[in-house]
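# Summary of the model geometry
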Amino acid sequence: MKKEIIISGFGGQGVLSMGKILAYSGLMEDKEVTWMPAYGPEQRGGTANVTVIVSDERISSPILSKYDIAVVLNQPDIAVVLNQPSLEKFEPKIKPGGILIYDGFGIINKPTRKDITIYEINAMDKAAEMKNGKVFNMIVLGGLLKVAPVVSDKGVEKALFKTLPERHHSLIPLNMEALKEGAKIIEEVK
């Protein structure tokens, strides 16, 4: 199993954190991982994306490629997009047969490709319902892991203990609840 995933949105949405937690989760489960963040000069409000590759076998390059050689095609298996600019940039790049996940709140013009599976997750609405906007990214991650279980919930929990400062460990149960909620609300778009 090898999944090449790109997560993209505005800075401040937890995009880089989501990628980091996903990568650490893979490490906690003895998988091979890469984590490559990219963001504009203004982290909050600017565009941000992170590429994560999770694999059972050695990863030859952290750059998304079709053949794992120097030819870089930037075709992820999965794209998670949290705003319109990210959708416009990454929808065309997803491998045929791949997966696109988007948050309904951040997208005005819906995805149009017919050769990929498209999922909508209303994570912003669910975060508001949970009365905590900071769990938005964990809701999205829960949806991602429902449709592409590259790591387990147990791995995510271990990763949270590794990635969150100790003073925030009391928030781990809330984050795990958000992960479960995301798995419940993601829906395939027909």
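This text gives an overview of the structure that appears in the document. (Residues numbered from 1 in each chain as written. Predicted model: local features only at pLDDT ≥ 70, side-chain atom pairs only at ≥ 80, totals over all residues. Heavy atoms only, no water.)

## Overview of the overall build of the protein
Along the protein, the regular secondary structure elements total six helices and seven strands. When the helices and strands of the protein are listed from N to C terminus, the series reads β-α-β-β-β-α-β-β-α-α-α-α-β. In the protein, which comprises 190 residues, the proportion classed as buried is 50%. Across the protein, the fraction of contacts at a sequence separation of at least 24, relative to all contacts at a separation of at least 6, is 55%. By element, 52% of the accessible surface of the protein is carried by carbon and sulfur atoms, the whole surface being about 9600 Å². (Helix = DSSP H or I, 4+ residues; strand = E, 2+ residues; numbered from the N terminus. Buried < 20%, exposed > 50% of the residue type's maximum accessible area, 1.4 Å probe, protein only. Contact = heavy atoms within 4.5 Å. Areas by Shrake-Rupley, 256 points an atom, 1.4 Å probe, with all protein chains shown as cover.)

## Here's the deal with unusual backbone geometry
A positive phi angle, near 60 degrees, is found at Asp 30, a position not held by glycine. Taking the relative accessible area as the measure of exposure, Asp 30 reaches 73% and is therefore exposed. One non-glycine residue, Lys 131, adopts positive backbone phi at about 60 degrees. As for its placement among the helices and strands, Lys 131 is situated in the loop between helix H3 (123-129) and helix H4 (136-147). For Lys 131, a relative accessible area of 75% translates into the label exposed.

## Topic: H4
Across its 12 residues, H4 extends 17 Å between first and last C-alpha, which sits within 8% of the 16 Å expected from 1.5 Å per residue. The buried fraction of H4 amounts to 10 of the 12 residues, a majority that puts the element mostly inside the structure. (Expected span 1.5 Å × (residues − 1).)

## A look at the environment of Lys 114
Residue placement: Lys 114 occurs in the loop between strand E5 (99-103) and strand E6 (117-121). The class for Lys 114 is exposed, based on a relative accessible area of 78%. As for Lys 114 and Gly 97, which are separated by 17 residues in sequence, their C-alpha atoms are 9.2 Å apart.

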